[in-house]
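Reading the structure
Each chain, written out:
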Amino acid sequence: MAKKHSAHEPLLLNLTDVEKPPRVGPPAIVNWVLNIVMWLLFIFWVVIIFASPSEFAEKFTRNLTGATSGSIFGLTGSIFLVYSGPILAVVFLGIASLIIAGEKKLQLKKPSKYPRFRLRTFPILVDGPFGVVSAAEFIGICVFVVFLFWAVYGYTLQNLNLISELQVPSESKGIVMLELSGLRFGSIGLYFLAFLFLPITRGSVLLSIIDIPFEQATRYHVWLGHLTMFVFTLHGLFYLIAWGLQGRLLQEILEWKDFGVANLPGVISLLAGLLMWVTSLSPVRKKQFELFFYTHQLYIVFVIFLALHVGDFVFSIAAGGIFLFVIDRFLRFCQSRRTVDVISATCLPGGTVELVFSKPSNLQYNALSFVFLQIRELSWLQWHPFSVSSSPLAGKNHVSVLIKVLGEWTAKLRGNVSDMSSAEGEKELPNQSCSNITASVEGPYGHELPYHLTYENLILVAGGIGISPFLAILSDILHLTKEGKPCVPKNVLVIWAIKKSDELPLLSTLNVESICPNFSEKLNLEVSVYVTRESVPPLEEGKFYEGISSVMSPPSKGSPMSVLVGTGNRVWSGVYVISSVVGFAILMALLDIFYINPLNIVSWWYKGLLFVGCMFASVIIFGGPVIYLWHLWEKRIQNMEESADARKDDVLQHSASVNLTQDNLVPKDHAISRRMYYGARPNFKEIFTSVSERWGNVDVGIILCGPETLQSSVARECRSQNLRRGSLRPVFHFNSHSFDL
């Protein structure tokens, strides 16, 4: 008889039930076939793009477009089919695969008895401009760099052959070569642009299939962005030099012709790209985040004027990835319009704020998820990412985040919460609403699989507020340990480096005894805390716990987080994506039949504008109704959830902020035992060597959340231990959970 689950039982418990036999039969076979076809299509797409500089690929593309150019979509449709069609087809198949896989896609596997290296978790580079780079990432970097050199070489040969065939006079060869080189660099930039927007599609099916979370994919967008803008800058620079040598620089810059490439839109697009590029450089971004954030909104100008510059059929080379980003962006816009109920807001010691948000029970996340947060009293435009600090097993109707004061935005937030708490104390209204915090939330996003549960041996390394996601992980492990679930870590070592002791109360917000009494019988949990800027323990420990202030709002007020997220319900999100793409094809067909062809419109820039307009219109006209129906379905499910009183009991039981008082923050005998080191930093060589001797020949998962210097130190030692590993020593798997926009 099948096991029945209570409505109050967290859904993730089902996902970790590896005792069930794997599903076999037609669904599994269909899913396997879909995965094979997806990879073949993706490889075909990459080969088509990377082989484009060759004469063979040029002839193949010409023949393929010629065979399909008789359709109502014309040359634009043919090029779109070749360069953007495969990636859209991969998305369609990916949606089907995820729907068929269902919860089985998220089931955990038993740890391997034989530890082995993995490309995704073996750090190769630990210093330099790329930061920590895994073996898999290094291979990807090499592929794109090799393609750049190969494309330059291939196009240079074609340019020399073309100059020879045209019998260009010797005095003009240099200028012609400059213009041809500029043209070729523009083509290479478009090929890179085809990939650029894929990593920042937060709810992307592509990222879900290979289980790459958005915070990790953002790094790939940064790397591709540098490469793309470097190539586009060379594209513009070669043309500027050629025009300057001919004495017609200003004339060419201001030229906006109907037939052919329009120069002025290209100049505007390039200037927008350069502004985004310069302000995204690490020194500028870290010191002037608002400047980076606002200038990055120029991507709209960059894309639209690029389409005006090259026309519809050239723009369609990179249109697939851009269109997927537009689809995701509109969905995120719809989700973020909702004002989310702030259940509680708490000022913690050490300059930290905890916010607890209401969420529907059918909105799933895991302990390594993160959300984007907007506080309208602080800014209507700024969105900041934060890791969740709550476990989905600790309550299905709320999610919490810990926010450290590190800049102007976070300082204002803490000031608002502190002011509200003071006002509440004066009025003596314990249930006064958090009226001064109007929050909107995007997400949650993150790994499809809670991979921290796949390691029996875990090392969690945190720096400062980086402890936040590890509180959720520990809560996850303790809940599953209490339930006796398989595939739960048995050895967990937490290494936490903080500047001052006033941050220690964050660790005590995890009520171990209430979650899993006598956990030490099933779980070996060790915590080492390094206080780097204090040489001796403070004389009065209680002073750490002063200044705790909390303000509560009734859980029934406001709205919970919206389930309109790309990583949410696969059926609804899949229908939304497919309807938007089909709608785009319909609008383009109608435009060609009733407007472009009858009126004989040939202007490149105008057709490029119509092409981009159809992209935006299809998402609104065809995808919008799907989102509306999805929203109605969400409301129906929400009405079927438990009552507000039941949710309140759930939150009061599990929310750390409700129980934060000076008495229960002071460490007790049943709290997590910890070793304190004052005036010292972690010596990872000693720590990892000790772990190797004690744990033996096993896989050890290392998850790190902290600054770049900490990442480099841990990755360097992880690489060193793996390279000189003996037969009876563990394999260390490096995983970074640090989010750096």
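Scroll up to find the structure this text is about.
The sections below set out a description of the structure shown in this document. (Residues numbered from 1 in each chain as written. Predicted model: local features only at pLDDT ≥ 70, side-chain atom pairs only at ≥ 80, totals over all residues. Heavy atoms only, no water.)

Strand pairs in the sheet, formed through backbone hydrogen bonds, run parallel or antiparallel to each other. With parallel pairing, 6 strands are arranged side by side in an open sheet as β13-β11-β10-β9-β14-β15. Each having just a single partner strand, β13 (675-678) and β15 (731-736) make up the two edges of the open sheet. Going across the sheet, the axis of each strand differs from the next one's by a mean of 15 degrees, ignoring polarity. Pairing of strand β10 (residues 491-498) with strand β11 (residues 524-531), which is carried by 8 bridges, proceeds in the parallel orientation. Each residue of the ladder has a partner; that of W496, found in β11, is V529. (Pairing = 2+ DSSP bridges. Helix = DSSP H or I, 4+ residues; strand = E, 2+ residues; numbered from the N terminus. Axes fitted to C-alpha atoms, helices over the stretch in contact; angles between N-to-C directions.)

One broad rule of soluble globular proteins: the nonpolar side chains tend to lie buried together. Within the largest apolar cluster, 117 residues are counted, with the highest numbers of intra-cluster contacts made by F315, L355, F357 and L373. Setting aside residues no more than four positions away along its own chain, L355 makes contact with V342, S344, A345, L373, V399, S400, V401, I403, L413 and I437. Ranked by size, the runner-up nonpolar core spans 40 residues in total, among them A462, I473, L510 and L525. (Core = buried A, V, L, I, M, F, W, Y, C linked by side-chain atoms within 4.5 Å. Buried < 20%, exposed > 50% of the residue type's maximum accessible area, 1.4 Å probe, protein only. Contact = heavy atoms within 4.5 Å.)

Reading across the sheet, the 3 strands line up as β6-β5-β8 and stay open at both edges, with antiparallel pairing between neighbours. Two strands bound the open sheet, and with one partner strand each, they are β6 (384-387) and β8 (439-445). Strand-to-strand twist in this sheet, taken as the mean axis angle between neighbours without regard to direction, amounts to 30 degrees. In the sheet, strand β5 (residues 370-375) pairs with β8 via 5 bridges, with the strands oriented antiparallel.

Here we take up the pairing of strand β9 (residues 457-463). Each regular strand displays side chains that alternate between the two surfaces of the sheet. The buried fraction of β9 amounts to 7 of the 7 residues, a majority that puts the element mostly inside the structure. Taking every second residue as pointing to the same face, both faces of β9 are buried, with N457, I459, V461 and G463 on one and L458, L460 and A462 on the other. Here β9 pairs with β10 via 7 bridges, running parallel. The partner of V461 across the bridge, within β10, is I495. Across 5 bridges, the pairing between β9 and strand β14 (residues 699-705) is parallel. Along β14, the bridge assignment pairs I459 with I702.

Another point: the pattern of salt bridges. Inspection of the entire model under this criterion finds 14 salt bridges. Across the pair E526 and R694 runs a salt bridge, and its minimum N-O distance is 3.0 Å. Of this pair, E526 sits in strand β11 while R694 sits in helix α25 (residues 684-695); the two residues are 168 residues apart in sequence, bridging distant segments of the chain. The network of salt bridges with shared partners includes R202, D328, R332 and E442. (Salt bridge = Lys/Arg side-chain N within 4 Å of Asp/Glu carboxyl O.)

A grouping of I72, F73, I578, V582, I586, L590, I593 and F594 is seen on the molecular surface, where their side chains present a nonpolar patch of about 670 Å² in accessible area. Looking at the element boundaries, I586 is found in helix α21 (residues 570-596). Residue classification places I586 among the partly exposed positions, given a relative accessible area of 36%. (Patch = residues over 30% accessible without salt bridge, like charges linked within 9 Å, V, L, I, M, F, W, Y side chains within 5 Å. Areas by Shrake-Rupley, 256 points an atom, 1.4 Å probe, with all protein chains shown as cover.)

What follows deals with unusual backbone geometry. Of the consecutive residues G443 and P444, the connecting peptide bond is found in the cis state with omega at 5 degrees. Secondary-structure assignment places P444 in strand β8. A positive phi is found at N600, a non-glycine position, where the angle reads about 55 degrees. Structurally, the position occupied by N600 is in the loop between α21 and α22 (604-639). For N600, a relative accessible area of 59% corresponds to the exposed category.

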